[in-house]
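Structural overview
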Amino acid sequence: MEKNHFFTQIFLTLMAVSPMIACNDNAAENNDANPDSASVAKASVTQAEYGKIGDAIVTQYTITNEKGMIVKLINYGATVTDIITLDKNQSRGNVVLGFDSLAGYLQPGNPYFGSIVGRYGNRIANGRFTLDGQTYTLARNNNGQSLHGGIKGFDKVLWNGEPVGDNAVKFTYLSKDGEEGYPGNLNVSVTYTLTNDNELKIEYSATTDKATPVNLTNHAYFNLSAGADSTILGHELMLKADSFTEVNNVLIPTGKNPPVAGTPMDFTTAKPIGRDIAQVPGGYDHNWVLRRDGNGLELIATLYHPGSGRYMEVFTTEPGVQFYSGNFLDGRLKHTRDGQKYVKHAGLCLETQHFPDSPNHPHFPNTILRPGETYTQTTVYKFSTK
Ligand code: BGC
């Protein structure tokens, strides 16, 4: 009897761990999150040391929801390092490009993997703008333009992180007056929440003591095949947008917003990204002007990977989205997850935002935050299969 009991125990233990063995190693870290297990996991946030920058500890936070979906974040750049979801066959995979260690995130040329970009996401022409009669000069880091906050933007600083309840992490950062040339002390907070409906919700807020441009977004590179497809060209994308902000040769808006109808920029009906990309010099790297009903959280994009059945919906309060098809990835990044080669178009970004270079285009939606006001933006990436 005793012996039978022993074998039963072993059998049950093997049954419990076997699905984890079949999945990627991220799964092994969180037994409770095993989606194949009969018991429903409890949502949780855990934290562990991820590495060090000098004496400062970089922390990784792991949020797991009741469905077993996992999101991992680090306080360097308030970065999303992992989003682990199930495919249509209940097999788990990581749907964002990422590195295997902090060294990957710190390497020169890390193209903003998963990070928060700011103080001004995307470009400001010649790194210059005039506000209330004063001209400001910003750090220039991209063909003479200022991109994603300059040389040391919000993606390259250590944020303070703290778990909130059992399903969220809040990051805060004080960007000092004059940082990268921007006026005013800007207090920024970004809260990532993973709901039990498999939504990753990102809520941003900021206040300032001097008028300043603010445009915050997240720079995750999605590949819903979770490593099965080397590019996103087979993903089907829908963008709820009838026009886009035309750009010049250094990707600065010309000020014109031409219609997408009848052009390769038309994603009003979902189509494979690879269908027309050859007709767009350099690939997609533009801001689409969203067709919105108001200022609330609205569905503005969907992304589908037929092979895995993974489907992502994007909701935002923002007026624009930068669809960037990973054009500058060239397979040279080091420390990549599982040694993957992140080749051209290996991942795509859907950066919900105000329009690029708005401080120099008065007819674009306002991006100037003034003392006494609060900047807010909310974006949700919702994962399912079909
Ligand atoms: C920009 C690209 C840029 C990339 C950096 C995107 O948001 O639109 O032009 O190269 O970020 O990785």
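Calculation notes
Residues numbered from 1 in each chain as written. Predicted model: local features only at pLDDT ≥ 70, side-chain atom pairs only at ≥ 80, totals over all residues. Heavy atoms only, no water. Near = heavy atom within 4 Å. Polar contact = N/O pair within 3.5 Å; in protein donor to acceptor, adjacent residues only side chain to side chain. Areas by Shrake-Rupley, 256 points an atom, 1.4 Å probe, with all protein chains shown as cover. Helix = DSSP H or I, 4+ residues; strand = E, 2+ residues; numbered from the N terminus. Contact = heavy atoms within 4.5 Å. Patch = residues over 30% accessible without salt bridge, like charges linked within 9 Å, V, L, I, M, F, W, Y side chains within 5 Å. Salt bridge = Lys/Arg side-chain N within 4 Å of Asp/Glu carboxyl O. Pairing = 2+ DSSP bridges. Axes fitted to C-alpha atoms, helices over the stretch in contact; angles between N-to-C directions. Phe/Tyr/Trp six-rings, centres within 6.5 Å; stacked < 30°, edge-to-face > 60°. Buried < 20%, exposed > 50% of the residue type's maximum accessible area, 1.4 Å probe, protein only. Lys, Arg positive; Asp, Glu negative; His and termini not counted. pLDDT = per-residue confidence, 0-100.

1. Comments concerning the site of the ligand
Among the 13 residues in the neighbourhood of the ligand, the closest are listed as Arg123, His148, His219, Asp285 and Glu351. Side-chain polar atom of His148 to an oxygen atom of the ligand: 2.9 Å apart, as the coordinates give it. Considering the ligand on its own, with 310 Å² of exposed area, one finds that the protein chains cover 95% of that surface.

2. Let's talk about the environment of Glu49
Secondary-structure assignment places Glu49 in strand β1 (residues 44–53). Residues contacting Glu49, with those up to four places away along its chain left out, are Ile57 and Val58.

3. Thoughts on a nonpolar patch on the surface
Residues Ile53, Leu106 and Leu158 make up a contiguous nonpolar surface patch of roughly 200 Å² in combined accessible area. Tracing the sequence through the fold places Leu158 in the loop between β10 (146–147) and β11 (160–164).

4. Describing the pairing of strand β9 (residues 134–137)
Pairing of strand β8 (residues 128–131) with β9 involves four bridges; the strand directions are antiparallel. Paired with Phe129 across the two strands is Tyr136, which belongs to β9. Between β8 and the antiparallel strand that follows it, β9, lie two residues; Asp132 among them carries a positive phi value of about 50°.

5. Observations concerning the sheet that holds strand β2 (residues 56–64)
An order of β1-β2-β3-β4-β5 is seen for the five strands of this open sheet, with the pairing classed as antiparallel. Two strands in the sheet have a free side with no partner beyond their single neighbour: β1 and β5 (92–94). Here the strands of the sheet are splayed against their neighbours by 20° on average, with no regard to which way each runs. Relative to β2, β1 runs antiparallel, the two sharing nine bridges.

6. As for the sheet that holds strand β18 (residues 241–245)
What the four strands build is an open sheet, ordered β18-β20-β23-β24; its pairing is antiparallel. A single partner strand is all that each edge strand has here, and the edge strands are β18 and β24 (349–353). Recorded for the sheet is a direction-independent mean angle of 30° between the axes of neighbouring strands. Alignment of β18 against strand β20 (residues 285–290), held across four bridges, turns out to be antiparallel. Note on β20: the bridge partner recorded for Ser243 is Val289.

7. As for the side chain of Thr62
Positionally, Thr62 belongs in strand β2. In this view, Thr62 contacts Ser44, Val45, Thr46, Ile70, Val71 and Lys72; residues no more than four positions away in its chain are not counted.

8. Some remarks on the environment of Val45
By secondary structure assignment, the location of Val45 is in strand β1. Residues Val45 and Ile63 lie 18 residues apart in sequence; the distance between their C-alpha atoms is 4.5 Å.

9. Here's the deal with the packing of aromatic side chains
Following the criterion strictly, the structure yields 24 aromatic pairs and no others. Note on Phe99 and Tyr105: the rings are 4.9 Å apart at their centroids and 90° apart in plane angle, and the pair reads as edge-to-face. Under the relative-accessibility criterion, Phe99 is labelled buried at 4%. You can call Tyr105 buried: its relative accessible area is 2%. Measuring from ring centre to ring centre gives 5.3 Å for Phe129 and Tyr136, while their planes differ by 25°; the resulting arrangement is stacked. The class for Tyr136 is buried, based on a relative accessible area of 16%.

10. Observations concerning the side chain of Glu179
Tracing the backbone shows Glu179 in the loop between β12 (168–175) and β13 (186–194). Buried charge without a salt bridge: Glu179, with Arg119 as the nearest opposite-charge side chain at an N-O distance of 5.5 Å. Side-chain polar atoms of Glu179 contact the side chain of Ser175, separated by 3.0 Å. Setting aside its immediate chain neighbours within four residues, Glu179 contacts Phe154, Tyr173 and Leu174.

11. What to know about the confidence of the model for the protein
Per-residue pLDDT for the protein averages 92, and the proportion of residues at 70 or more is 90%. A low-confidence stretch, residues 1–39 (pLDDT under 50), is modelled with 30 contacts involving residues beyond four sequence positions or located in other chains.

12. A word on the pattern of salt bridges
Counted under the stated rule, the structure contains nine salt bridges. Across the pair Asp132 and Arg370 runs a salt bridge, and its minimum N-O distance is 2.9 Å. With Asp132 in the loop between β8 and β9 and Arg370 in the loop between β25 (368–369) and β26 (375–385), this residue pair connects regions lying 238 residues apart in the sequence. Asp132 sits in the exposed class, given a relative accessible area of 58%. Looking at Arg370, the relative accessible area reads 32%, which means it is partly exposed. Note that Lys271 and Asp276 form a salt bridge whose closest N and O atoms lie 2.7 Å from each other. Salt bridges here are not isolated pairs; linked through shared partners, they connect Lys240, Arg292 and Glu298.

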